[in-house]
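Coordinate inspection notes
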Amino acid sequence: MKVLIVGSGGREHAIAVSVAKSSQVDKIYCAPGNAGIGFVAECVDIGPMEFEKLADFAQEKEIDLTIIGMDDPLVGGIVDEFEKRGLRVFGPRKNAAIIEGSKAFSKDLMKKYHIPTASYENFTDPEKAIAYLESARMPIVLKADGLALGKGVLICQNLEEAKEGVKTLMLDKQFGDAGNEIVIEEFMTGREVSVLCYCDGTHIKPMTSAQDHKRAKDGDQGLNTGGMGTFSPSPFYTKEIEKFCEEKIYQPTMDAMKKEGRDFVGILFVGLMLTEDGPKVLEYNARFGDPEAQVVLVRMKNDIVDVMNACIDGTLDEVDLQFEDNAAVCVVLASDGYPEHYEKGKVITGFENFENKEGYYVFHAGTKKTESGIVTNGGRVLGVTAKGKTLQQARANAYEATEWIQFDNKYMRHDIGKAIDEA
Ligand code: AMP
Ligand code: GLY
């Protein structure tokens, strides 16, 4: 069969590597892809928001399954466009992807269906938001309602910062229309864990857990990024916590979406905070996490195409989802200066070190093939990933492999998975 993947990051590279393992697949295309994805798939120069062109391509090439990796096209309704043409596609429709596209929607959903989350209020009027803040407890969290590359969340320590935050989001519109509405939310403390789940509209199957590191610098300092590294599984996500989440969060979310007439098919990413009062939802995403996919998919035993087909067909309950009894760590190699200003176009060397190395992967995020070789083409450049028997071993392997790659202005965090030692 032929598969088309939509996206161009490390996540899509990890998906492509998983799909390539399937014995059913003989051709993979990726739009637009990147230099690394080009080793397993044929990259096609069509942008992720060009729904008609993508659907035309899928029809022309007789693609059997299209997998949407990214949030923007999902929230924009790419799945609806493909379905309209009778094309088989993996991902939520627009009316379900809103669970990621609107934080106000997802908070209201959780409130209505008693799914544990931080208490909150939604605001469309900046004056009312400020009036609310005057008597609110600090610290407090402000979130732009819409998509903002994971950066539309402001943690404010005091009233002054919070008022400034309302200005940034709602008046200065730092994240554009994403800030037309904001959520003001109680500040929670605890360990964070991400659980990605396969969903078929009725059934939901959580994958193994992972933890991201969102800040740019060691010790969780610096600006928020798309994610600087991950490990899987999280030792803090115990069997007991998992059971609680299955009963009180995952299945209730599935049922709530169905009751609302928004059957969710695809990947539901549940961002959790393990608080003293139990696990609470930080956020939902409607797709694999990046770089969570890199550590979760390499540990999945199932044929990903079988699982995705079961989601589309509503037969996920028949799938026995299995993960290897080991661990994986991904360290992102970034361009120094990310997420602000950084240079691109630096030649990257050392990829050959990963050849025939079982359990080691170099997933490309921002790379480009040029006449002088593969060069950096983004803030997050590569996701060096390694497996190991234990988390400690996986971390040692991943950091060892970061030394195999060279490029000017290479930057990484040195404490990915440091929390493992506290478990
Ligand atoms: P989100 O995009 O909603 O996951 O938020 C990005 C990051 O901000 C999360 O990974 C948390 O580290 C932090 N965050 C979000 N909401 C809260 C909250 N209510 N309390 C504490 N931290 C939060
Ligand atoms: N790593 C966080 C995300 O993909 O949203």
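For the structure itself, consult the block above.
Cut-offs applied
- Residues numbered from 1 in each chain as written.
- Chains lettered and ligands numbered in written order.
- Predicted model: local features only at pLDDT ≥ 70, side-chain atom pairs only at ≥ 80, totals over all residues.
- Heavy atoms only, no water.
- Pairing = 2+ DSSP bridges.
- Helix = DSSP H or I, 4+ residues; strand = E, 2+ residues; numbered from the N terminus.
- Axes fitted to C-alpha atoms, helices over the stretch in contact; angles between N-to-C directions.
- Contact = heavy atoms within 4.5 Å.
- Parallel < 35°, antiparallel > 145°, perpendicular 65-115°, else oblique.
- Nonpolar A, V, L, I, M, F, W, Y, C, P; charged D, E, K, R; others polar.
- Near = heavy atom within 4 Å.
- Polar contact = N/O pair within 3.5 Å; in protein donor to acceptor, adjacent residues only side chain to side chain.
- Areas by Shrake-Rupley, 256 points an atom, 1.4 Å probe, with all protein chains shown as cover.
- Core = buried A, V, L, I, M, F, W, Y, C linked by side-chain atoms within 4.5 Å.
- Buried < 20%, exposed > 50% of the residue type's maximum accessible area, 1.4 Å probe, protein only.
- 1 Å grid on protein atoms, 1.4 Å probe; cavity = no way out; pocket = protein on both sides within 12 Å on 5 of 7 lines; lining within 4 Å.
- Points joined across faces, edges and corners; volume = space filled by probe spheres on them.

1. Remarks on the sheet that holds strand β7 (residues 140–144)
Note on sheets: strands pair through backbone hydrogen bonds, and any given pair is parallel or antiparallel. Strand order across the open sheet formed by four strands is β6-β9-β7-β8, with antiparallel pairing between neighbours. Single-partner strands in this sheet number two, and they are β6 (120–123) and β8 (153–156). Neighbouring strand axes in the sheet, compared pairwise and without regard to direction, differ in orientation by 20 degrees on average. Bridging between β6 and strand β9 (residues 182–186) involves four bridges; their strand directions are antiparallel. Bridge assignment links Asn122 to a residue of β9, and that residue is Val183. The sheet contacts of helix α8 (residues 159–171) involve β6, β7, β8 and β9, and relative to β7 the element is tilted by about 0 degrees.

2. Examining the packing of helix α5 (residues 94–101) against helix α6 (residues 103–112)
One way to put it is that α5 packs onto α6 with a least axis distance of 6 Å and a crossing angle of 95 degrees. The angle between α5 and α6 falls in the class roughly perpendicular. When α5 is examined against α6, the residues Ile98, Ile99 and Gly101 are found in contact with a partner set consisting of Lys103, Phe105, Ser106 and Leu109. Partitioning the contact of α5 with α6 into residue classes produces four nonpolar, two polar and one charged.

3. Structural notes on the site of ligand 2
Taken together, Asp212, Gly226, Phe269, Asn285, Arg287, Gly289, Asp290, Pro291 and Glu292 make up the full set of residues adjacent to ligand 2. In the model, a nitrogen atom of ligand 2 is placed 3.4 Å from a nitrogen or oxygen of the Gly226 main chain. Within the complex, the protein chains bury 90% of what would otherwise be the 200 Å² of accessible surface of ligand 2. Within the shell around ligand 2, the residues separate by chemical class into two nonpolar, three polar and four charged.

4. Points about the nonpolar core
Ile99, Tyr250, Phe264, Val270 and Leu272 are the most contacted members of the largest nonpolar core, which has 50 residues in total. Broken down by element, the residue count for this core peaks at seven residues, all from helix α9 (residues 239–259). Once residues lying within four places of it in the same chain are set aside, the contact partners of Phe264 are Pro92, Ala96, Ile99, Cys199, Asp200, Gly201, Met254, Met257 and Ala286. By size, the runner-up hydrophobic cluster in this structure holds 42 residues, among which are Phe269, Ala293, Ile304 and Phe323.

5. Structural notes on the site of ligand 1
What surrounds ligand 1 is a group of 14 residues, the closest being Glu185, Glu186, Met188, Glu192 and Glu283. Here Lys143 contributes a side-chain N or O atom positioned 3.0 Å from an oxygen atom of ligand 1. Between ligand 1 and Met188, the relevant distance is 2.8 Å, taken from a nitrogen atom to a main-chain nitrogen or oxygen of the residue. Taken by itself ligand 1 offers 470 Å² of open surface, and the protein chains cover 92% of this. Contributions of two or more residues to the shell around ligand 1 are made by β7, β8, β9 and β16 (278–285). Taken together, the residues that form the shell around ligand 1 break down as seven nonpolar, no polar and seven charged.

6. Examining the environment of Ile374
The residue Ile374 is located in strand β20 (residues 373–376) in this model. Exposure remark for Ile374: the relative accessible area of 12% places this residue in the buried category. For the pair Ile374 and Val153, spaced 221 residues apart in sequence, the C-alpha separation works out to 34 Å. Leaving out residues up to four positions away in the same chain, Ile374 has contacts with Ala35, Phe39, Lys346, Val347, Ile348, Phe351, His364, Thr367, Lys368 and Lys369.

7. Observations regarding unusual backbone geometry
In the segment running from Ala31 into Pro32, the intervening peptide bond is cis, with an omega of -5 degrees. One can find Pro32 in strand β2 (residues 27–32). Notably, His114 is not glycine yet its phi reads approximately 55 degrees, a positive angle. Note on placement: His114 falls in the loop between α6 and β6.

8. Brief notes about the layout of surface pockets
By volume, the second largest pocket is sized at about 370 Å³. His13, Val17, Gly36, Phe39 and Val362 are, among the 16 residues lining the second largest pocket, the residues nearest its centre. Breaking the lining of the second largest pocket down by element, the ones donating at least two residues are α1 (10–20) and β18 (360–364). Tallying contributions element by element places β18 first for the lining of the second largest pocket, with five residues. Of the residues belonging to the lining of the second largest pocket, the class tally is ten nonpolar, three polar and three charged.

9. Notes on the sheet that holds strand β3 (residues 42–43)
Pairing within the open sheet is parallel, and its five strands lie in the order β3-β2-β1-β4-β5. Looking along the sheet, the strands with just one partner apiece sit at the ends: β3 and β5 (89–90). Here strand β1 (residues 2–7) pairs with β2 via six bridges, running parallel. Residue pairing across strands places Gly7 opposite Pro32, the latter belonging to β2. Sitting on the sheet, α1 touches β1, β2 and β4 (65–68), and the angle it makes with β1 is about 170 degrees. Helix α2 (residues 51–60) rests against β1, β2 and β4 of the sheet, and its axis sits at about 165 degrees to β1.

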